[in-house]
Amino acid sequence: MSVAENQAAAGRGSARAVAVLSSLGRFLVIAVTTYLGLLAVTFFIGRVIPIDPVLAVLGDRAPTAVVERTRREMGLDLPWIEQFYLYVKAALRGDFGTSVLTTNPVMSDIRRVFPATIELATLGTLIGAVIGVPLGVLAAVKRGSLIDQIARIVGLIGYSVPIFWLGLLGLVLFYAKLQWIAFPARLDVVYEYTFTPITGFYLLDAAIQGQWDVFYDAWRHIVLPAALLGYLSLAYISRMTRSFMLNELAQEYIVAARAKGLSERRIIWGHALRNAAVPMVTVIALSYANLLEGSVLTETVFSWPGIGLYITNSLQNADMNAVLGGTIAIGSVFIAINLLSDLLYRLLDPRTKAG
Amino acid sequence: MMLEKLALRSRALLAGAALSALLVAPAFAVTPADTLVEGFAIDDIISMDPGEAFELSTAEVTGNTYDLLVRLDLSDTSKVKGDLAESWSVSDDGLTYTFKLKPGMKFASGNPITAADVAYSFERAIKLDKSPAFIINQFGITGDNVTEKAKAVDDTTFQFVVDKAYAPSFVLNCLSATVASVVDSKLVKEHVAAVTPSADYKWDNDFGNAWLKTGYAGSGPYKLREWRANEAVVLERNDNYNGEKAKLARVIYRNMKESSAQRLALEAGDIDVARNLEPNDLDAIAKNADLTTTSAPKGTVYYISLNQKNPNLAKPEVRQAFKYLIDYDAMASTILKGIGEIHQSFLPKGDLGAIDENPFKLDIAKAKELLAKAGLPDGFKVTMDVRTGQPTTGMAESIQQTLGQAGIKLEIIPGDGKQTLTKYRARNHDIYIGNWGQDYFDPNSNAQTFASNPDNSDNAKIKTLAWRNAWDIPDLTKETEAALLEKDAAKRADMYKDLQQKILDTSPFVIIHQQLEVAGLRKNLQGFKLGPSFDTNFVWAVSKQ
């Protein structure tokens, strides 16, 4: 390599560093404004809804004097703007207040409920991607064939059937009739008090501690809700994969590859899917984020103590600290997943690699 | 049938699959033999501190884990019997109540139970001044005088001084409420947190409130081991209990909100008791040979109320007409089947003086006559705020239909429970459908809210249900107060009968039914019984075969 080439490479390198930094900076600005916007909107919606937050704390039967005092204690007699200012100030210190319903600090509640949702969503997305992608590819390659029709029907049902209904049906069949899976909860009663979670992901915790009976029990509890969520994301992922693949298969480079005499297998899985994988990452990430947002209905049907159930419960009870904290947690995850899929995009896209 | 076929087919389909190897479960699920597992919607719990808790699920836990001076006599709920107290007496002027404690009793912690613990329990309840504190402070007890008015004379003698010569039945009934539960003062004092006094809270410590929210310092047949919000409450047998020990070692309440999920879990044997069953699931359980059901009337009445700020609803004939426009019988045989009993007066059955006659029946002709008399022969338009969910939605739809027959066009405004309640509490409704559970087991609790309204102005200090409906009733208010001071229990009962009659005749309240609490159980349970109130749903007598 000549000196000139070296310099050029170095120049490219630093130009790239600048580009990365500036995109990071832009990302930070976007993240911060998104957060603030999220906070403000949620906060003000929380104040506008026609529910008296004092009711959440005291219930209907508290005497008037206690109601008035509690209103002052909660700072609800202050102007909105001041309440918002105080909230943001505390939030910056990492203090999101205390949940009325659980009496715990909101952040500790979220640390407790979020792993339950993540565990479920991860398993669901894994199922969705592992089955959904090949199904979509096959449907695209054998367009109009039986397998394409089946994939279409599977997708349609996944889109259109209400998940709580599927969930209840699943419970009736696999739990009540066949007794294959366990009671709607995360663990059996027997284990609840002998098992100490570390990370909050029960399958992982049980495996780490070598408690295989707990692992099996946790598996029996998670398999149906995860399969359901997996089915939902499978429906979505397989349809999207199919259309991306169709798009790729119509490209000229495929014709070129065929002309070169490459095997059909290599063309489909090595070339077409490789290129379709780029937008697929976004699709899968989005579907994962969707499941993380809390699959409220699934969590309700399966008594799964996750974040969806937590926020819904809190919202119904006008427990605004918990709702705000939960919204921020979910917002963070969304932003993080977006960033991550952005990075993956760069890794996978051959054009960004050549650099 | 359909499902069974489906089940068979899927089994055949999956039989060979590797999946089934992972899924196949051992035999029928059974809960541990020494543990009672209940599926119960316990998401209303916000604190386990008996000085603060005022929620229905908490009442059950407190009732099983704490002792009181006196307790409701379950064989005759218009009376109380001694719990920690061996005997008690009332001074001739009716102001001083002296309680003698049973000797040699211990808290779950092993600390002895003394009159000082009783005094401390009263002191902290009054000074914390949380929702249920009014049950005690209505006797003229304040933070400043509580240490004189509720004090330990010696280790086994506790004295309680009230400000007026109230009916003793009233005072004793109030002392049977969970807020008067006796806490282990030695244990609680180890956990008090310092507080900076303010205008709203004059004391320098929290009387262990922060700790007791999830902690336990009682002496009941069970002790609270753990409460995980929205997940579970776990009770363990208290081996230091002063009476007959609990039969099972552990009781677990699992938070389950869905009636259908509770039913499935009960059928599968994963829970022993299902507590929040809707009529259709209840029916299915009653037909299952392995299961049975039980029920008990509770102190909660369901009613609709007519806001007197609405000029049409304020007419006495219209108020009366509404009482003839409810199809009580149809409701009883459908939406309320198994979960409610028609009951039209404001005192629930079991209260001192409760009357159990239901004079009203659906009578469209009579209602039309009354509406014509009120100058509204063609009816009118009106709205009703209805919380979504059952039984309120079903009741509202039935009422909408029968009102329509008399020309009254009812628009139903559905809303979330807290939302409709917020509107109701601000008196912004036309008609509200809701329920009211008595705060303590005495007729005054409901009389004070249905039949009393000391100040009907918008900024009133005391906002009763009569206030929420802008029903101004100075005479009834006085009568309610007078009933409080009647020493003779029989005469007192008569006064409440009179009040109930007047409410039936003139009030804007159309009381429809009294709640039946139901539970589905597995047949191997013995001794499971629901009590007349939520704090008397005792589980210590339950055993398993």
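Not measured: the values here are computed from a predicted model.

Counting its regular elements, chain A contains 16 helices and zero strands. Across the 355 residues that make up chain A, the buried fraction comes to 39%. In chain A, once contacts between residues fewer than 6 apart in sequence are set aside, the share between residues at least 24 apart is 73%.

What follows deals with the overall build of chain B. The helix and strand inventory of chain B stands at 20 helices and 19 strands. For 545 residues, the compact-globule formula gives about 24 Å, and the C-alpha radius of gyration of chain B, at 25 Å, lands near that figure. For the C-alpha atoms alone, the extent of chain B along its principal axes is close to 80 × 70 × 45 Å. Sorting the 545 residues of chain B into buried and exposed places 52% on the buried side. Summarising the internal contacts of chain B: among those between residues at least 6 apart in sequence, 70% fall at separations of at least 24.

A word on the nonpolar core. Core analysis: the largest hydrophobic core is formed by 243 residues, its most contacted members being Leu69(B), Ile136(B), Val171(B), Tyr303(B), Ala321(B) and Ile512(B). Top element by residues in this core is helix α10 (residues 212-249) of chain A. It accounts for 17 residues. Setting aside its immediate chain neighbours within four residues, Ile136(B) contacts Phe122(B), Ala125(B), Ile126(B), Ile141(B), Cys174(B), Val179(B) and Ala180(B).

This part takes up the sheet that holds strand β6 (residues 150-154) of chain B. Residue and element names in this part refer to chain B. Across the sheet, which stays open at both edges, the four strands sit in the order β4-β5-β7-β6 with antiparallel pairing between neighbours. Every interior strand has two partners, whereas the edge strands, β4 (85-90) and β6, have only one. Shown here is a sheet whose adjacent strand axes are inclined to one another by a mean of 25°, direction ignored. The pairing of β6 with strand β7 (residues 157-161) spans four bridges and is classified as antiparallel.

Turning next to the pairing of strand β15 (residues 409-415) of chain B. Residues in a regular strand point their side chains to alternate faces of the sheet. All names here are of chain B. In terms of strand pairing, strand β14 (residues 381-387) meets β15 through seven bridges, oriented parallel. Paired with Thr383 across the two strands is Glu411, which belongs to β15. In the classification by handedness, the crossover that spans β14, the intervening helix α15 (residues 392-405) and the parallel β15 is right-handed.

Further remarks concern the packing of helix α5 (residues 106-141) of chain A against helix α15 (residues 320-348) of chain A. Residue and element names in this part refer to chain A. In contact at an axis separation of 10 Å, α5 and α15 are set at 55° when each is read in the N-to-C sense. Considered as vectors, α5 and α15 are oriented oblique to each other. Relative to α15, the crossing made by α5 is right-handed. Contact residues: Val106, Met107, Asp109, Ile110 and Phe114 in α5; Asn321, Ala322, Gly325, Gly326 and Ala329 in α15. Class assignment of the residues belonging to the contact of α5 with α15 gives a composition of six nonpolar, three polar and one charged.

Quick look at the interface of chain B and chain A now. Counting residues at the interface gives 49 residues for chain B, matched by 47 residues for chain A. Within the residue set of the side of chain B that touches chain A, elements represented by two or more residues are α1 (2-15), β1 (35-40), β10 (250-255), α10 (259-268) and α16 (417-425) of chain B. The dominant element in the side of chain B that touches chain A, judged by the number of residues it contributes, is α10(B), at six residues. Looking at the side of chain B that touches chain A residue by residue, the classes come out as 22 nonpolar, nine polar and 18 charged.

All names here are of chain A. Helix α12 (residues 264-292) packs onto helix α11 (residues 252-260) with a crossing angle of 145° between their chain directions and a minimal axis gap of 11 Å. Every pair of crossing elements has a handedness; the one defined by α11 and α12 is right-handed. Residues Tyr253, Ile254, Ala257 and Arg258 of α11 form the contact with α12, whose participating residues are Ile267, His271 and Ala272. Per-class residue counts for the contact of α11 with α12 are five nonpolar, one polar and one charged.

Turning our eyes to something else, we now look at the environment of Pro162(A). Summarising the element assignment, Pro162(A) is placed in the loop between α6 (146-160) and α7 (163-177). Taking the number of C-beta atoms within 10 Å as the measure of exposure, Pro162(A) has 9 and is therefore exposed.

A separate point is helix α19 (residues 474-484) of chain B. Residue and element names in this part refer to chain B. Buried within α19 are the following residues: Leu476, Thr480, Ala483 and Leu484. For α19, the angular spread of the buried residues around the axis is 110°, confining them to a single face. Away from its buried face by more than 90 degrees, α19 exposes Pro474, Asp475, Lys478 and Ala482.

Right, let's talk about unusual backbone geometry for a bit. With a phi angle near 60°, Gln179(A) is a residue other than glycine that sits in the positive phi range. Along the chain, the position of Gln179(A) falls in the loop between α7 and α8 (189-192). Classification of Gln179(A) as partly exposed rests on a count of 17 C-beta atoms within 10 Å. Phi is positive for Ala470(B), close to 55°, though the residue is something other than glycine. Counting through the fold element by element, Ala470(B) comes out in the loop between α18 (465-468) and α19. Look at Ala470(B) and you get partly exposed, because 19 C-beta atoms sit within 10 Å.

Turning our eyes to something else, we now look at the environment of Asp385(B). Residues and elements named next belong to chain B. When you line up the elements, Asp385 lands in strand β14. For the pair Asp385 and Leu336, spaced 49 residues apart in sequence, the C-alpha separation works out to 20 Å. If sequence neighbours within four positions are ignored, Asp385 has contacts with Ile413, Gly415, Thr420, Lys423, Tyr424, His429 and Tyr432.

Next up on the list: α16(B). Within α16(B), burial applies to Lys418(B), Gln419(B), Thr420(B), Leu421(B), Thr422(B) and Tyr424(B). Buried residues in α16(B) make contact with α2 (53-58) of chain A together with β14, β15, β16 (431-437) and α18 of chain B. Of the residues trailing α16(B), Arg427(B) is marked for its positive phi of about 60°.

Quick look at the environment of Val542(B) now. Residues and elements named next belong to chain B. With respect to the element layout, Val542 can be found in the loop between β18 (525-526) and β19 (543-544). In this structure Val542 comes out as buried when scored by C-beta crowding, with 20 C-beta atoms within 10 Å. Between the C-alpha atom of Val542 and that of Arg427, which follows or precedes it by 115 residues, the distance is 45 Å.

This part takes up the confidence of the model for chain B. Residue and element names in this part refer to chain B. When pLDDT is averaged along chain B, the result is 90, and 95% of the positions lie at 70 or above. Within the model, the stretch residues 1-27 combines pLDDT values under 50 with 20 contacts to residues more than four positions away or in other chains. Scoring the predicted complex yields pTM 0.81 and, for the interface, ipTM 0.71.

Thresholds applied
- Every chain is numbered on its own, with residues counted from 1 as its sequence reads.
- Note on labels: chains are lettered from A, ligands numbered from 1, in written order.
- Given that this is a predicted model, residues contribute local features only at a pLDDT of at least 70 and side-chain atom pairs are listed and counted only at 80 or more, while totals for whole chains, interfaces and linings are drawn from all residues.
- The secondary structure listing takes helices from DSSP runs of H or I that are at least 4 residues long and strands from runs of E that are at least 2 residues long, numbered from the N terminus.
- Counts of 20 or more other C-beta atoms within 10 Å of a residue's own C-beta define buried residues, counts of 12 or fewer define exposed ones, and intermediate counts define partly exposed ones; C-beta atoms are placed from the backbone.
- What counts as a contact here is a pair of residues whose C-beta atoms, placed from the backbone, lie within 7 Å.
- For a compact globule the rule gives 2.2 Å times the number of residues to the power 0.38, and the radius of gyration it is set against comes from C-alpha atoms.
- Buried Ala, Val, Leu, Ile, Met, Phe, Trp, Tyr and Cys residues form a nonpolar core when they are connected through C-beta atoms within 7 Å.
- Here a strand pair is declared whenever DSSP counts at least two bridges between the two strands.
- Here an axis means a line fitted to C-alpha atoms, over the contact stretch when the element is a helix, while the angle between two N-to-C directions is reported on a 0 to 180 degree scale.
- Handedness of a crossover is defined as follows: with both strands directed away from the viewer, a clockwise route from the first strand across the helix to the second makes it right-handed.
- Oblique is the label for any angle not covered by the other classes, which are roughly parallel (under 35 degrees), roughly antiparallel (over 145) and roughly perpendicular (65 to 115).
- Each crossing gets its hand from how the near helix is turned against the far one by less than a right angle, where anticlockwise is left-handed and clockwise is right-handed.
- All amino acids are sorted into three groups, where Ala, Val, Leu, Ile, Met, Phe, Trp, Tyr, Cys and Pro are nonpolar, Asp, Glu, Lys and Arg are charged, and the leftover types, Gly among them, are polar.
- Along the arc lie the directions from the helix axis toward the C-beta atoms.
- The pLDDT value expresses, per residue, how confident the predictor is, ranging between 0 and 100.

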